[in-house]
Amino acid sequence: LSTRGSRESSEAGFRVALSHLSAHPELCALIAMREADHAAGAAVRAALETLRDGLVADLEVFGTAPSADAAMRVDLMMALTWQASIGVREGRYAFEAAVAMLTDQTLAMFPRITAASARR
């Protein structure tokens, strides 16, 4: 039940994120500015870092044991989600296939806290 619940929660979250990002190309364009070498790019990087750090801080709330590389894992999932939303908007990826792939990746990269992992 725990796995099913976490999978359902992840799928629901990705449905919301992909729907929103796919419907708002201006938001994707803003996120793309993160590589720009000017003040706007720096502001986007700072906002994304704040979002990433908040997600890392909340991992235990979601039943996931934070690892030493949790920030990198969250960065990767954020990048995958952004890229998938562009593919969905452009019709290169089926929405449900993107949700399933993102969910599979999330469950693999963020294992649930178990009794065994809590003892480590």
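Computed from a predicted model, the values in this text were never measured in an experiment.

1. Considerations on the packing of aromatic side chains
Aromatic rings considered in pairs are described by the distance between their centres and by the relative angle of their planes.
1) Next: The tally for this structure, following the rule as stated, stands at zero aromatic pairs.
2) Next: Its guanidinium or amino end placed over the ring of Tyr93, Arg92 lies 5.1 Å from that ring's centre, counting from NZ or CZ.

2. Observations concerning the pattern of salt bridges
1) Next: One pass over the full model with this rule turns up eight salt bridges.
2) Next: The closest approach of N and O atoms between Glu96 and Arg15, which form a salt bridge, is 2.7 Å. Pair noted here: Glu96 is in helix H5 (residues 95-109) and Arg15 is in helix H1 (residues 2-23), with a separation of 81 residues, a long-range link.
3) Next: Of the residues examined, Glu96 reaches a relative accessible area of 42% and is grouped as partly exposed.
4) Next: Judged by relative accessible area, which is 30%, Arg15 ranks as partly exposed.
5) Next: The salt bridge partner of Asp53 is Arg52, with a shortest N-O separation of 2.9 Å.
6) Next: Residue Arg52 is classed as buried on the basis of its relative accessible area, which comes to 16%.
7) Next: Because the salt bridges share partners, they merge into one network encompassing Arg7, Glu11 and Asp104.

The rules we used
- Counting restarts for each chain, with residues numbered from 1 along the sequence as it is written.
- Local features in this predicted model are restricted to residues whose pLDDT is 70 or higher, and side-chain atom pairs enter the listing and the counts only when it is 80 or higher, whereas totals over whole chains, interfaces and linings include all residues.
- For the side-chain quantities, the full set of heavy atoms in the structure was used; hydrogens and water were omitted.
- Stacked, tilted and edge-to-face are the three classes assigned to paired rings of Phe, Tyr and Trp, where Trp is represented by its six-membered ring and a pair needs centres within 6.5 Å; plane angles under 30 degrees give stacked, over 60 edge-to-face, the rest tilted.
- Geometrically, a lysine NZ or arginine CZ counts as sitting over a ring once it is within 6 Å of the ring centre and also within 35 degrees of the ring normal.
- Take a side-chain nitrogen of Lys or Arg and a carboxyl oxygen of Asp or Glu: if they are within 4 Å of each other, that pair is a salt bridge.
- Under the DSSP-based scheme used, a helix requires at least four consecutive residues in state H or I and a strand at least two consecutive residues in state E, with every element numbered from the N terminus.
- Exposure categories follow from relative accessible area, calculated using a 1.4 Å probe and restricted to protein chains: below 20% of the type maximum is buried, above 50% is exposed, and the middle band is partly exposed.

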